[in-house]
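Each chain, written out:
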Amino acid sequence: MSRTVLFDELGGPEVLRFAELPPEEPGPGEARVRVQAIGLNRSEALFRSGGYWYDATLPASRIGGEASGLVEAVGPGVTEVAPGDAVSVLVIDTTMSSRGVYAETVTVPVGSLLRRPDDVDPVTGAAVWISYLTAYGALVEAAAVRPGDTVVVTAASSAAGLAMLQTARHLGAVPIAVTREPEAKGARLREAGAAHVLAAGDGLVERIHEVTDGRGADAVLDSVGGPGLTELALAVTRGGILVVYGWLDPRPMPMPRNWPLRISGYAVHLVVEDPEALRRGQAFVLAGLRSGGLAPVVDRTFALDDIADAHRHLEGNGQVGKVVVTVP
């Protein structure tokens, strides 16, 4: 049997429950993975509570989009992976209710698997791909950031935010971190590459212009959205780009009026669902891991038994980096 996390109703972490389910036999084009570690993402808390971009199928919805493990079995005709292969699992389409990875085993299409190099341990393998492919896609594919560019990253202490800072630094850009807790998190953000750490809230645009000598940022990477987006756009230099890749603030986002301004809505799907973009992204991230320029920051690990506590920690906004759950 496979211990699996399910939920029957929308709500807080307390709605998560365990069930013993038979491991699903892989069909054509599928593989079954013995999960070793699970990377938690804010999207899963939104999915559980009803704030995600698609709805959970209730009752008995699965949950989870990112994990690492070992291939246990493959379906007919599968040649891409074999039993014993180390892999990372990405479930980022609309199948989380049926394919969610909060479990001891998960059966997924082989297209959801990325080979895990021998020097990437299970925790790193569960912490790297969604955050760093998000950063790669936003900075390289969408914003075309170049050496010397100034890049502002909001919600910078999240796993994706830290990946954005590291990736910007890796590209030779100048990263500026924005956080609600600059005193508590400033040192960690500078370790990730931030040249400046600024407090979110009133006066942010003025502070960005101060540290850029009045020029503004070449790129602003925002995962917050909401009505503050209009003011944040004023921090972008003439001809720069505002990339919006999240909606931590669920309120409407008024369209900025300070033209010329490029605005791009971005999601990691745009890389993962494009084979060539995914190939480029994988090569970029793996090269960064090998050189040490990219290194996932793990804030805290939990046991699978403590999945509700892991979600509480995730939603507490005190973490710096990725929350990871290990599976025995």
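In the block above lies the structure referred to throughout.
None of these values were measured; they are calculated from a predicted model.

Draft legend 1. Seen up close, the overall build of the protein. A tally of regular secondary structure across the protein gives 11 helices and 15 strands. The C-alpha extent of the protein, read off along each of the three principal axes, is 60 × 40 × 35 Å. Among the 328 residues that make up the protein, the fraction classed as buried is 54%. Across the protein, every contact between residues at least 6 apart in sequence was considered, and the portion connecting residues at least 24 apart equals 67%. For the protein, the exposed area adds up to about 13,600 Å²; of that, 53% sits on carbon and sulfur atoms. Here the protein carries 28 positive and 39 negative side-chain charges, and the mean point of each set is 4 Å from the other.

Draft legend 2. Region of interest: helix α10 (residues 275-291). For α10, spanning 17 residues, the distance from its first C-alpha to its last is 24 Å, which sits close to the expected 24 Å at 1.5 Å a residue. You can read the cap of α10 off the contacts: a side-chain oxygen lies 3.1 Å from the backbone nitrogen of glutamate 276, and it is on aspartate 274.

Draft legend 3. Representation of the pairing of strand β11 (residues 217-222). For β11, a buried count of 6 out of 6 residues is recorded, marking the element as mostly surrounded by other parts of the structure. Across 3 bridges, the pairing between strand β8 (residues 150-153) and β11 is parallel. Looking at the pairing, valine 153 lines up with leucine 221 of β11. The pairing of β11 with strand β12 (residues 236-244) spans 5 bridges and is classified as parallel. Each residue of the ladder has a partner; that of alanine 217, found in β12, is valine 236.

Draft legend 4. Inspection of the pattern of salt bridges at higher detail. Per the counting criterion, the structure on display carries 17 salt bridges. Between arginine 32 and glutamate 25 there is a salt bridge, and its shortest N-O distance comes to 3.2 Å. A salt bridge links aspartate 218 to arginine 215; the nearest nitrogen and oxygen atoms lie 2.8 Å apart. Residues joined in a network through salt bridges with shared partners are Glu25, Arg32, Arg34 and Glu72.

Thresholds applied
- Residues numbered from 1 in each chain as written.
- Predicted model: local features only at pLDDT ≥ 70, side-chain atom pairs only at ≥ 80, totals over all residues.
- Heavy atoms only, no water.
- Helix = DSSP H or I, 4+ residues; strand = E, 2+ residues; numbered from the N terminus.
- Buried < 20%, exposed > 50% of the residue type's maximum accessible area, 1.4 Å probe, protein only.
- Contact = heavy atoms within 4.5 Å.
- Areas by Shrake-Rupley, 256 points an atom, 1.4 Å probe, with all protein chains shown as cover.
- Lys, Arg positive; Asp, Glu negative; His and termini not counted.
- Charge placed at Lys NZ, Arg CZ, Asp CG, Glu CD.
- Expected span 1.5 Å × (residues − 1).
- Polar contact = N/O pair within 3.5 Å; in protein donor to acceptor, adjacent residues only side chain to side chain.
- Pairing = 2+ DSSP bridges.
- Salt bridge = Lys/Arg side-chain N within 4 Å of Asp/Glu carboxyl O.

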